[in-house]
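The residues making up each chain are set out below.
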Amino acid sequence: MRIPTIDLELWAAGGTETRRAIAETVDEALRTAGFLLVRGHGIDASALAEIRAAARRFFHLPRAAKQPYAVQVGGRGWLGPGAEANAYAEGGEGPPDLKESFAFASYDPTGDPVVDAEWFDGPNVWPAEVPAMRPLVEAYLDRMRALSDGVLEVLGVAIGGGERHFTAHTGQATWGFNINWYPGTERVGPAAPGQFRIGPHTDFGTVTLLDRQPGLGGLQVYTDEDGWQDAPYDPDALTMNIGDLMAHWSGGRWRAGRHRVLPPPLDAPDEELISLAYFYDCDLGTDVGGIDAHAFLRDKLATIIAD
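Remember, it's a predicted structure, so these values are computed and weren't measured experimentally.

Please explain the packing of helix α2 (residues 16-32) against helix α6 (residues 133-158) as it appears in this structure.
Closest axis-to-axis distance for the α2/α6 pair is 8 Å, and the angle between their directions is 85°. The orientation of α2 relative to α6 falls into the category roughly perpendicular. Note on element contacts: α6 touches α2 through Val154, Leu155, Val157 and Ala158, opposite Ile22, Ala23, Val26, Asp27 and Leu30. Here the contact of α2 with α6 is built from residues that sort into 8 nonpolar, no polar and 1 charged.

What's the story with the side chain of Arg76 in this structure? I'm lost.
Mapping Arg76 onto the fold places it in the loop between α4 (63-66) and β3 (77-79). Given a relative accessible area of 11%, Arg76 falls into the buried group. Of the polar contacts made by the side chain of Arg76, one reaches the side chain of Asn124; its length is 3.1 Å. In this view, Arg76 contacts Val71, Ala103, Ala105, Ser106, Tyr107, Trp119, Phe120, Asp121, Gly122, Pro123, Asn124 and Val125; residues no more than four positions away in its chain are not counted.

Could you clarify how one ought to interpret the sheet that holds strand β9 (residues 227-230) in this entry?
Pairing between the strands of a sheet is mediated by backbone hydrogen bonds and can be parallel or antiparallel. Read across the sheet, 4 strands follow the order β6-β11-β8-β9 without closing on themselves; strand pairing throughout is antiparallel. Edge positions in the open sheet fall to β6 (198-201) and β9, since each of these has one partner strand only. Strand after strand, the sheet turns through a mean of 20° between neighbouring axes, direction not considered. As paired strands, strand β8 (residues 219-223) and β9 are joined by 4 bridges and run antiparallel to one another. The partner of Val221 across the bridge, within β9, is Gln229.

Just checking my understanding: could you explain the packing of aromatic side chains for this structure?
The relation between two aromatic rings is expressed through the spacing of the ring centres and the mutual angle of the planes. Per the stated rule, a full pass over the model turns up 15 aromatic pairs. Three or more aromatic residues joined by ring pairs make a cluster, and in this case those are Phe58, Phe59, Tyr69, Phe102, Phe104, Trp126, Tyr140, Phe177 and Trp181. In this structure, Arg258 packs its charged tip against the face of Tyr222, placed 4.9 Å from the ring centre. For the cation-ring pair, Arg260 lies above Trp228, with the distance from its terminal atom to the ring centre recorded as 4.2 Å.

Can you help me understand the environment of His201 in this one?
Relative to the elements of secondary structure, His201 occurs in strand β6. Among all residues touching His201, those that are not within four sequence positions of it are Asn86, Glu90, Gly257, Arg258 and His259. Among the polar contacts listed, one links the side chain of His201 to the backbone oxygen of Gly199, at a separation of 2.8 Å.

I would appreciate a short explanation of α6 in the present structure.
Think of an α-helix as 3.6 residues a turn; residues three or four steps apart then line up on the same face. In this model α6 runs 36 Å from its N-terminal to its C-terminal C-alpha over 26 residues, within 8% of the 38 Å that 1.5 Å per residue would give. Where α6 terminates, the next one or two residues include Gly160, which has phi positive at roughly 90°.

Is there a simple way to explain the packing of helix α3 (residues 45-59) against α6 in this structure?
For any two helices packed against each other, the geometry comes down to the angle between their axes and how far apart the axes lie. Here α3 crosses α6 at 135°, and the two axes come no closer than 9 Å. In terms of their interaxial angle, α3 and α6 are classed as oblique. Note on packing geometry: the crossing formed by α3 with α6 is left-handed. Between α3, through Leu48, Glu50, Ile51, Ala54, Ala55 and Phe58, and α6, the contact on the second element is made entirely by Met133, Leu136, Val137 and Tyr140.

Definitions and limits used
Residues numbered from 1 in each chain as written. Predicted model: local features only at pLDDT ≥ 70, side-chain atom pairs only at ≥ 80, totals over all residues. Heavy atoms only, no water. Axes fitted to C-alpha atoms, helices over the stretch in contact; angles between N-to-C directions. Helix = DSSP H or I, 4+ residues; strand = E, 2+ residues; numbered from the N terminus. Parallel < 35°, antiparallel > 145°, perpendicular 65-115°, else oblique. Contact = heavy atoms within 4.5 Å. Nonpolar A, V, L, I, M, F, W, Y, C, P; charged D, E, K, R; others polar. Buried < 20%, exposed > 50% of the residue type's maximum accessible area, 1.4 Å probe, protein only. Polar contact = N/O pair within 3.5 Å; in protein donor to acceptor, adjacent residues only side chain to side chain. Pairing = 2+ DSSP bridges. Phe/Tyr/Trp six-rings, centres within 6.5 Å; stacked < 30°, edge-to-face > 60°. Lys NZ or Arg CZ within 6 Å of the ring centre and 35° of its normal. Expected span 1.5 Å × (residues − 1). Left-handed = near helix turned anticlockwise from the far one by under 90°.

Here you go:
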């Protein structure tokens, strides 16, 4: 399996030939695995460490302290144990994902009460027990919005449409951000048959930008050629994959990156990982290949709510 690395700083400084080579690399990767590693993203490692430290303080609270923030999939707040089952998106059955998450979403309302009630329903939730989380996450989200547009400019060139091909539709894009906590078996016990930290699935939107930690129970990517393989890891790179909406937007040229996160390893019971997953979409009302983008996203989200 080949998941290549691109460098956004090289893209920004590069001439015609450099950009052509990067665009060809992107196109090839998205036609096979749907994944890339992205260097030159400008996100400071210390900011990522501070977000993880704040999130860990929240996730280690007693369940009773977290419960007031509990929401269902698509809400803003705490997704507790058993809330989500990503394998359901592929029509599968089985136990829910072995993780907890704290979820955030777009907070830039349009002024249309019907639209805002569905996509901008109130502000994000911030746990009072961890006051440091808010400024850290808000600063990070500002960076990720701009970074996502930068990535989409590269993808626009790679698909042959120019830098504005996708970003012409992201002036007021919706997005989601999950801090995912994967505790070890010392906390959750051994996985049930067919149970994962996150079950096999593809993401739903345009691009996902993921900062992750390596581990025995980490990310795997599926391709037709190689089956399931551990995703390559670079501490200086974000992991990027495209979702179902982008695959459709490409006219089927590109494939959504199918992936899973392995169960907590029995031989490393104290392994605890935290990933930061930013999901980017597009403007409300965007027509993507004859479908309404947000009706598509709404239907997809409904599939992963655990029974």
